[in-house]
Amino acid sequence: MPSPQLLVLFGSQTGTAEDVSERLGREARRRRLCCRVQALDSYPVVNLINEPLVIFVCATTGEGDPPDNMKNFWRFIFRKNLPPTSLCQMDFAVLGLGDSSYAKYNFVAKKLHRRLLQLGGSALLPVCLGDDQHELGPDAAVDPWLQDLWEKVLELCPVPRDLAVIPPGVPLPSKFTLHFLQEAPGTCSEERRAASPDSRGPPSELQPFLAPMVANQRVTGPLHFQDVRLIDFDITGSGISFAAGDVVLIQPSNSAAHVQQFCQVLGLDPDRCFTLQPREPGVSCPPRLPQPCSMRHLVSQYLDIASVPRRSFFELLACLSAHELEREKLLEFSSAQGQEELHEYCSRPRRTILEVLCDFPHTAGAIPPDYLLDLIPAIRPRAFSIASSLLAHPSRLQILVAVVQYQTRLKEPRRGLCSSWLASLDPGQGAVRVPLWVRPGGLAFPETPDTPVIMVGPGTGVAPFRAAIQERVAQGQTGNVLFFGCRWQDQDFYWEAEWRDLERKGCLTLVTAFSREQVAPCPSPALQERKVYVQHRLRELGPLVWELLDCQGACFYLAGNAKYMPADVSEALTSIFQEEGGLSGPDAAAYLARLQRTLRFQTETWA
């Protein structure tokens, strides 16, 4: 008889849900269950009607949105014409990953759980709500939930009598084997596959366009704490087209110094070439890796050695370690009891995979190369709002990048992989090419020429609105109102000259909030003066905002940090609806909900 089939489907934005799904797959294999793990949008959703046992692992992003790799599934599963008995043969469980500091905490998992019940599915357990805000992270909820899950699953699919459960300390076979070639180092050719004129379709993740970088300019003042870059790419001949609100995805690389250090610690020859082969039928090799491939290419272009390792990394590393003291510590870090210590060692100071391997040199030096792809996740592409319009800058694509750098208790500053890599590239020193492709974003601007738009974009959140304003001005649309906020007018006021010029031409109404310069007096002298942000400017111009929204049918857009600003702006709007529109509290909330439902209030936010 074939092994019982368990299907794990995930929607993941940053990799956490994918990591939990892979953990489920490993735990299933230890229990002798045949298990498939797939991203939701790579799974043919019509086949769900034939699946007996499915675990859904879903993150919630932004303002209650599904991750990018489950958006097609999300649209399908909420079709109104699906029969209520569609999934009556399915047993399921939903594991959610979210952040309780956001208003729509674990919204996707909760909504999916309800929808699967509506379609006739049988829930094995209540939905699991993993919380990033817990001091132990999502595992505080996930660990006990998984214990209950396996009890339920093994009732449905018992372990065969002639087989035992594979204990946790024994490593499972690696997914792939690396077959090293005997040819001399340096003879292996593996240029990144790039979109060429004869490629079918526009550039994509599997076939990015190697865009020449033509400018990389710092746009914050020399005294400003953050390095922000305006980066300009030439996309001539790429087949790329985009509209305001779209995003560009960029595939970063590890630094040469980190690649060299990694290879030294693991005892790898960076110029050695190999071919990759899956161990199990039905498993395909990562399409981004060329065949054959050099170790240098694998480490520089694919393995995310600069990421903070997850608990699963320590579990596998402990299995592979033959050094008694190091193995003991790794087992502690991977145990449920050791999560607080792991948090202190790794998550809180943002210690990277490379740094951990340097801390466990005996274990690192003995890692079989076959396990590299099991141990270390792939580098994920980073998304940036496109900050230019093809109508204003033909054959160009511009982005605004805040270079991520901060200090923890570790000696070395923490650096964002993609932003630091982009900042290090200097087209003035020679040709620079960056792999990229474009996809639709979360903002869609009105096509009717007389519809005004109100845009709220503090900091780098203004990037998509520059594209929109350029596009609308080129089309003769003048009803553009921009609320922009930053700290200092002379340090981080992006595109000030451009906005002022458009103001003079009557194409833009600009409202600014400089939080470190402009302060509002507080009624009590005991309190400090209040910093002025974009939400305060909105309230001050409440009559204009109400007139545009209620009388002229304006659309309202918000982009920027997802932490507090969206809630503050929504609160400002509801107070405007009450003060200027005379609405009650409930009616003002309903008015805002109606704007969101009809896509007249759209947000693009990030953590």
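Rules and cut-offs
- Residues numbered from 1 in each chain as written.
- Predicted model: local features only at pLDDT ≥ 70, side-chain atom pairs only at ≥ 80, totals over all residues.
- Heavy atoms only, no water.
- Helix = DSSP H or I, 4+ residues; strand = E, 2+ residues; numbered from the N terminus.
- Rg over C-alpha atoms; globule rule 2.2 N^0.38 Å.
- Buried < 20%, exposed > 50% of the residue type's maximum accessible area, 1.4 Å probe, protein only.
- Contact = heavy atoms within 4.5 Å.
- Areas by Shrake-Rupley, 256 points an atom, 1.4 Å probe, with all protein chains shown as cover.
- Lys, Arg positive; Asp, Glu negative; His and termini not counted.
- Charge placed at Lys NZ, Arg CZ, Asp CG, Glu CD.
- Pairing = 2+ DSSP bridges.
- Axes fitted to C-alpha atoms, helices over the stretch in contact; angles between N-to-C directions.
- Left-handed = near helix turned anticlockwise from the far one by under 90°.
- Nonpolar A, V, L, I, M, F, W, Y, C, P; charged D, E, K, R; others polar.
- Phe/Tyr/Trp six-rings, centres within 6.5 Å; stacked < 30°, edge-to-face > 60°.
- Lys NZ or Arg CZ within 6 Å of the ring centre and 35° of its normal.
- Parallel < 35°, antiparallel > 145°, perpendicular 65-115°, else oblique.
- Expected span 1.5 Å × (residues − 1).
- pLDDT = per-residue confidence, 0-100.
- Core = buried A, V, L, I, M, F, W, Y, C linked by side-chain atoms within 4.5 Å.
- Arc of directions from axis to C-beta.

Draft legend 1. Examining the overall build of the protein chain more closely. Across its full length, the protein chain carries 19 helices and 24 strands. Its C-alpha radius of gyration of 26 Å places the protein chain within 12% of the 25 Å reference for a compact globule of 607 residues. C-alpha extents for the protein chain along the principal axes are approximately 75 × 60 × 60 Å. Out of the 607 residues belonging to the protein chain, those deemed buried represent 50%. Relative to all contacts within the protein chain whose residues are 6 or more apart in sequence, the contacts with residues 24 or more apart total 74%. Carbon together with sulfur atoms contributes 52% to the accessible area of the protein chain, which is approximately 28,300 Å² in total. Taking the 59 positively charged and 67 negatively charged side chains of the protein chain as two groups, their mean positions are separated by 2 Å.

Draft legend 2. Seen up close, the sheet that holds strand 18 (residues 453–456). An order of 20-19-18-23-24 is seen for the five strands of this open sheet, with the pairing classed as parallel. Lying at the two open borders of the sheet, with one neighbouring strand each, are strand 20 (509–514) and strand 24 (601–606). For this sheet the average axis-to-axis angle between neighbouring strands, irrespective of direction, equals 10°. Two elements, strand 23 (residues 555–561) and strand 24, share six bridges in a ladder whose sense is parallel. Within strand 24, the residue paired with Gly560 across the bridge is Thr605.

Draft legend 3. The arrangement of the sheet that holds strand 9 (residues 228–234) in detail. The sheet built from six strands is open, its strands ordered 13-10-17-8-9-14 with antiparallel pairing. Because the sheet does not close on itself, it has two edges, and the strands there are strand 13 (382–385) and strand 14 (396–402). On average, each strand axis in the sheet is inclined to that of its neighbour by 40°, with strand direction left out of account. In this sheet, strand 14 lies alongside strand 9 in antiparallel orientation, the contact comprising seven bridges. Note that in strand 14 the partner of Phe233 across the bridge is Leu397.

Draft legend 4. Structural detail: the pairing of strand 10 (residues 247–250). Of the two faces of strand 10, the one carrying Val247 and Leu249 and the one carrying Val248 and Ile250 are both buried. Both strand 10 and strand 17 (residues 433–439) contribute to a ladder of four bridges, which runs antiparallel. The residue bridging Ile250 from the neighbouring strand is Leu436, located in strand 17.

Draft legend 5. Structural detail: the packing of helix 1 (residues 16–30) against helix 4 (residues 139–156). Contact pair helix 1 / helix 4: the axes reach a minimum separation of 12 Å and the direction vectors enclose 30°. Note that helix 1 runs across helix 4; the crossing there is right-handed. Where helix 1 abuts helix 4, its residues Arg23, Leu24, Glu27 and Ala28 lie against Asp139, Val142, Asp143, Leu146, Leu149 and Trp150. Considered class by class, the residues forming the contact of helix 1 with helix 4 number six nonpolar, no polar and four charged.

Draft legend 6. Examining the packing of aromatic side chains more closely. Under the counting rule described, the total for this entry stands at 17 aromatic pairs. Above the face of the Phe107 ring, Lys104 is positioned so that its terminal group lies 5.0 Å from the ring centre.

Draft legend 7. Seen up close, the packing of helix 1 against helix 7 (residues 311–320). Interaxial distance between helix 1 and helix 7 falls to 10 Å at its minimum, and their mutual angle equals 40°. Comparing the axis directions of helix 1 and helix 7 gives the class oblique. Taken together, the residues of helix 7 that come into contact with helix 1 (itself represented by Asp19, Arg23, Arg26 and Arg30) are Arg311, Ser312, Glu315 and Cys319. For the contact of helix 1 with helix 7, a count of residues per class yields one nonpolar, one polar and six charged.

Draft legend 8. Inspection of the environment of Gln5 at higher detail. Along the chain, Gln5 turns up in strand 1 (residues 5–11). When its relative accessible area of 33% is taken as the criterion, Gln5 is described as partly exposed. Placed 23 residues apart in sequence, Gln5 and Ala28 show a C-alpha to C-alpha distance of 9.9 Å. Among residues more than four places away in sequence, those in contact with Gln5 are Cys34, Arg36, Pro52 and Leu53.

Draft legend 9. Local environment of helix 14 (residues 463–474). Across its 12 residues, helix 14 extends 17 Å between first and last C-alpha, which sits within 8% of the 16 Å expected from 1.5 Å per residue. With 10 of 12 residues buried, helix 14 lies mostly within the body of the structure. Along helix 14, the residues classified as buried are Ala463, Pro464, Phe465, Arg466, Ala467, Ala468, Ile469, Gln470, Glu471 and Arg472. Buried residues belonging to helix 14 abut strand 13, strand 14, strand 18, strand 19 (480–486), helix 15 (496–504) and strand 23.

Draft legend 10. Highlighting the environment of Gln552. Summarising the element assignment, Gln552 is placed in the loop between helix 17 (542–551) and strand 23. The spatial distance from the C-alpha of Gln552 to the C-alpha of Thr451 is 7.2 Å, given a sequence separation of 101 residues.

Draft legend 11. Expanded view of the confidence of the model for the protein chain. Per-residue confidence for the protein chain gives a mean pLDDT of 90; residues scoring 70 or more make up 94%. A low-confidence stretch, residues 191–198 (pLDDT under 50), is modelled with 20 contacts involving residues beyond four sequence positions or located in other chains.

Draft legend 12. Highlighting the nonpolar core. By size, the foremost hydrophobic cluster in this structure holds 40 residues, and its most contacted members are Phe262, Leu298, Leu303, Phe314, Leu357 and Leu372. In terms of residues, this core owes the most to one element, helix 7, which gives six residues. Residues in contact with Leu357, not counting those within four places in the same chain, are Phe262, Val265, Leu266, Phe313, Leu317, Ala364 and Ile367. Counting residues in each nonpolar core, the second largest holds 30 residues, with Leu230, Trp495, Phe514 and Cys555 among its members.

Draft legend 13. Looking closely at helix 9 (residues 339–347). Every buried residue of helix 9 is listed here: Gln339, Leu342, Tyr345 and Cys346. All buried residues of helix 9 project into a common sector of 125° when viewed along the axis, lining one side. Structurally, helix 9 contributes buried residues whose contacts are with helix 4, helix 7, helix 8 (324–334) and helix 10 (353–359).

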